[in-house]
Amino acid sequence: MRFSRPELFRIAGLAILLVFLVVAQRPCADAVSRFVTGFGDRGSAAAPLPRPGTVDLPAGGAGSDVGGYEQLRPGMTEAELKAAIDRARARARAGSGEGSGGAAPATPPQR
């Protein structure tokens, strides 16, 4: 086998690159591991996640604020959707004064 100088240069460069990768793999992996695991609870501004069994349920029970929402079901007709939207807008206007300053309500997008 006879190799030209550029071919020998490429082979030598590839061999050096492979040796570098094998030698540098462990120190780089250790450094990345220390960096990633260094993001613990120390100095973190976020509150720690609650442990199971230590979470208090809301006073009204689960889903106690559902009464403030209009229930939308699959298969509702356009008239039922429009009625639900109108009820929600009326409830919003009653809760916040006039709401949009007496402007006419926007029409829902046509499907």
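Refer to the structure printed above.
Residues numbered from 1 in each chain as written. Predicted model: local features only at pLDDT ≥ 70, side-chain atom pairs only at ≥ 80, totals over all residues. Heavy atoms only, no water.

Colleague: Run through the pattern of salt bridges, naming residues and quoting values.
Modeller: Counting across every chain of the model gives five salt bridges. The residue E70 makes a salt bridge to R91 at a minimum N-O spacing of 2.9 Å. Residue E70 is located in the loop between helix 1 (5-37) and helix 2 (78-95), and its partner R91 is located in helix 2; the two are separated by 21 residues in the primary sequence. Among the residues examined, E70 registers a relative accessible area of 21% and is labelled partly exposed. Judged by relative accessible area, R91 falls into the partly exposed class, the value being 38%. Here K82 makes a salt bridge to D86, at a shortest N to O gap of 3.4 Å. Of this pair, K82 and D86 both sit in helix 2, four residues apart, roughly one helical turn. Overall, the relative accessible area of 35% leaves D86 in the partly exposed class. Within this structure, E70, R87 and R91 form a network of salt bridges that share partners. (Salt bridge = Lys/Arg side-chain N within 4 Å of Asp/Glu carboxyl O. Helix = DSSP H or I, 4+ residues; strand = E, 2+ residues; numbered from the N terminus. Buried < 20%, exposed > 50% of the residue type's maximum accessible area, 1.4 Å probe, protein only.)

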